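Residue-level structure breakdown
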Amino acid sequence: MFNFLETMESFGSRPAIKNLNGDDSLELSYATYLNQIKAAAYNLNETFGDLKGRHIGLLCDSNYEYTVLLAALLFSRAVVVPLNILETVDNLDFAISNSEIEAIILEDKYSAKVEGDILKINKEALLSSFDGQMQLVDFSDEEAENPLMIIYTSGTTSLSKGVVLSVDSLFGTMKSVINSDFEGGADRLLGLRVYLNFPLYHVAGVVAWLATCENGCETYMSHDSKNILFDLENEHIDAAAVTPAVLNLWSKTLKRGKIDRLGGLGLIVSAGAKVNPDTVQIFLDKGIKFGQFYGMTETGGNVTCNFDIKDHLHSVGIPVGGVEVSIVDGELCISGRGLMLGYYNNPLDTAACLENGLLHTGDLGYIDEDGYVYITGRKKNLIILSSGENVSPEELEKLLYESKKVIECKVFEAEDRIIASVYCLMEDMTFVKEYVDQLNKTLPIYKRIYKVDFKSQELEKTSSGKIKR
């Protein structure tokens, strides 16, 4: 088991966290950061009593204060349920009920999102005093299979499922920021300044935070995510771990010649959703290197990483250490340590996903001769027409995106016909319609797009940036 607390303590006075908040920004050493975690744990236990095994929700903005509470809860042996601040009241209510949360730590502005008589504690009350200290200890190997976190997946179709991650999922091995052969690998990680903008209710955010702390990096975080275009303007960072949505935003910043707003970063890594190769190229053209991780909540984080973008632009990379990827009937399957314990209170879906230590991802794909993994679509997304023909919506979406006028699209079936929802500028609608007409002439009859449903705004997305189906 990785000794997280002991490692943090060994970094002592090295910079750990920089909370970006304008004139109120603050920088903490590892020693101070760890003391704040111990103080928050003391306040938590004074408020709730012994937390071991108790389900506690977190409904707060993703910033440094969140990480203090998260670490304090984890090492108090609570089962933490990070809740998505962007979710609807109904979906939050489902997650709260399904996970059997007994109390929620939140910010006042999100209080109205939580219905019912569940105990609600303001986060400020737990962070207002750092006088007390609770002695915290690292996890032992005997605790490996204990549940530690329930993260609700941002499903693209139905209600989310609560993924139960164990101690081993989060602390079984040291997490990676970059792969071992990338420009010096682990030897250059100590002191690396990394901007983190993944939401901490998402497994990618949790894993990225753990990775930066475990490797002695200095983690930069925006106190308010709305300030992402300004917070780095007068900073100097080495790398950034951000969602594909932020990549799109930053690419527009680069196109406008505002590269100074990105803090001089030299490497950017992303995960959580498919990245547009054209967007990647914008960063590469500016001398900013790029890496991509692929993983799932169910895998406890990263499965593959790709830092060879030049030669494998469309790949999600090669498996990370301790993980094996195989193809079963065209589907990517994962084995190795750190996989989820299952879906909380959902044995049927657990059995369908996890079988004899093999996790079925639902992603269709292949592995090339160099060992690089490629994803071609989702098994559940396959459209099966009454004729018996199978159509991959991702295949058609890829063709639609070849038109530069298509900003976003989604292909689906209605009344046994192929429909495409397309978001583009109003003045480009005629062009896109003509493009689809020409595209249809190159496709088999059963794959042809019968109707284009134009949208005047972005398509609805999950918390990780994926378009909802």
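Scroll up for the structure.
Residues numbered from 1 in each chain as written. Predicted model: local features only at pLDDT ≥ 70, side-chain atom pairs only at ≥ 80, totals over all residues. Heavy atoms only, no water.

**Observations concerning the overall build of the protein**
Our working rule: For helices the rule is a DSSP run of H or I covering at least 4 residues; for strands it is a run of E covering at least 2, with both sets numbered from the N terminus onward. Only the C-alpha atoms count toward the radius of gyration. The rule for a globule is 2.2 Å times the residue count to the power 0.38. The contact rule is simple, with two residues in contact once any of their heavy atoms fall within 4.5 Å. The method behind every accessible area is Shrake-Rupley, applied with a 1.4 Å probe, and residues are considered shielded solely by the protein chains displayed.
Each helix and strand counted, the protein has twelve helices and 26 strands in total. The globule rule puts the C-alpha radius of gyration for 469 residues at 23 Å, and the 23 Å found for the protein is close to it. By its C-alpha atoms, the protein is 70 × 50 × 45 Å across when sized along the principal axes. Sequence-distant contacts in the protein: of pairs separated by 6 or more residues, those separated by 24 or more amount to 64%. If you sum the accessible surface of the protein, you get close to 21,100 Å²; carbon and sulfur atoms cover 48% of it.

**Brief notes about helix H3 (residues 64-74)**
This is how it is decided: The cut-offs for exposure are 20% and 50% of the maximum accessible area for each residue type, with area from a 1.4 Å probe on protein chains only; residues under the lower value are buried, those over the upper are exposed, and the others partly exposed. Counting of polar contacts relies on pairs of N or O atoms within 3.5 Å, with two restrictions inside protein: one atom must be capable of donating a hydrogen and the other of accepting it, and residues adjacent in sequence are counted only when both atoms are side-chain atoms.
Of all the eleven residues making up H3, eleven are buried; the element is thus mostly covered by neighbouring parts of the structure. One side-chain oxygen of the residue at the start of H3 lies 3.1 Å from the amide nitrogen of Glu65, identifying that residue as Asn63.

**A few points about the sheet that holds strand E25 (residues 417-423)**
Each strand in a sheet pairs with another by means of backbone hydrogen bonds, the pair being arranged parallel or else antiparallel. Formally: For two strands to be treated as a pair, DSSP must find no fewer than two bridges joining them. Each axis is a line fitted through C-alpha atoms, taken for helices only over the stretch in contact, and angles between the N-to-C directions span 0 to 180 degrees.
Overall, mixed pairing links the three strands, which are arranged E24-E25-E26 in an open sheet. Each edge of the open sheet carries a strand with a single partner, namely strand E24 (408-414) and strand E26 (449-455). If you compare each strand with its neighbour and ignore which way they point, the axes differ by 25° on average. Bridge analysis of E24 against E25 gives seven bridges, and the strand direction is antiparallel. The residue bridging Glu408 from the neighbouring strand is Tyr423, located in E25. Those strands touched by helix H11 (residues 393-400) are E24, E25 and E26, and its axis lies near 140° from that of E24.

**Brief notes about the packing of helix H8 (residues 244-255) against helix H9 (residues 277-285)**
Under the convention used in this document: In these notes the angle categories are as follows: under 35 degrees is roughly parallel, over 145 is roughly antiparallel, 65 to 115 is roughly perpendicular, and the rest is oblique. Less than a right angle of anticlockwise turn of the near helix away from the far helix marks a crossing as left-handed, whereas a clockwise turn marks it as right-handed. We call Asp, Glu, Lys and Arg charged. Ala, Val, Leu, Ile, Met, Phe, Trp, Tyr, Cys and Pro are nonpolar, and the rest, Gly among them, are polar.
For the pair H8 and H9, the least separation of the axes is 10 Å and the interaxial angle reads 45°. Here H8 lies oblique to H9, going by the angle between them. Considering how the two elements wind past one another, H8 and H9 form a crossing that is left-handed. The segment H8 lies against H9, with Leu247, Asn248, Trp250, Ser251, Leu254 and Lys255 engaging Thr279, Ile282 and Phe283. Partitioned by chemical class, the residues of the contact of H8 with H9 number five nonpolar, three polar and one charged.

**Re the sheet that holds strand E10 (residues 218-222)**
Sheet architecture is open: nine strands sit in the order E2-E1-E10-E9-E11-E12-E13-E14-E15, paired in mixed fashion. The outermost strands of the open sheet, each flanked by one partner alone, are strand E2 (26-29) and strand E15 (318-319). Note: strand E9 (residues 193-196) against E10, three bridges, orientation parallel. Bridge assignment links Val194 to a residue of E10, and that residue is Thr219. Against the sheet, H8 engages E9, strand E11 (239-242), strand E12 (267-270) and strand E13 (289-296), with an angle of about 125° to E11.

**Some points on the packing of helix H2 (residues 30-48) against H3**
One can describe the packing of H2 onto H3 by two numbers: an axis separation of 8 Å at closest approach and a directional angle of 60°. One finds that H2 runs oblique with respect to H3. Crossing hand, H2 versus H3: right-handed. Judged by residue contacts, Tyr33, Gln36, Ile37, Ala40, Ala41 and Leu44 of H2 engage Tyr64, Thr67, Val68, Leu69, Ala71, Ala72 and Leu73 from H3. Among the residues forming the contact of H2 with H3, the class breakdown is eleven nonpolar, two polar and no charged.

**With respect to the environment of Ile282**
With respect to the secondary-structure elements, Ile282 resides in helix H9. Looking at Ile282, the relative accessible area reads 18%, which means it is buried. If sequence neighbours within four positions are ignored, Ile282 has contacts with Ser251, Leu254 and Lys255.

**Here's the deal with the pattern of salt bridges**
Between side chains of opposite charge, pairing is possible as soon as their charged atoms come close. Put simply, the test is: By convention in these notes, a salt bridge is any Lys or Arg side-chain nitrogen within 4 Å of a carboxyl oxygen on Asp or Glu.
One pass over the structure, following the stated rule, counts 18 salt bridges. In the salt-bridge network here, residues are joined through shared partners; they are Glu65, Glu107 and Lys123.

In short, geometric facts, not functional conclusions.
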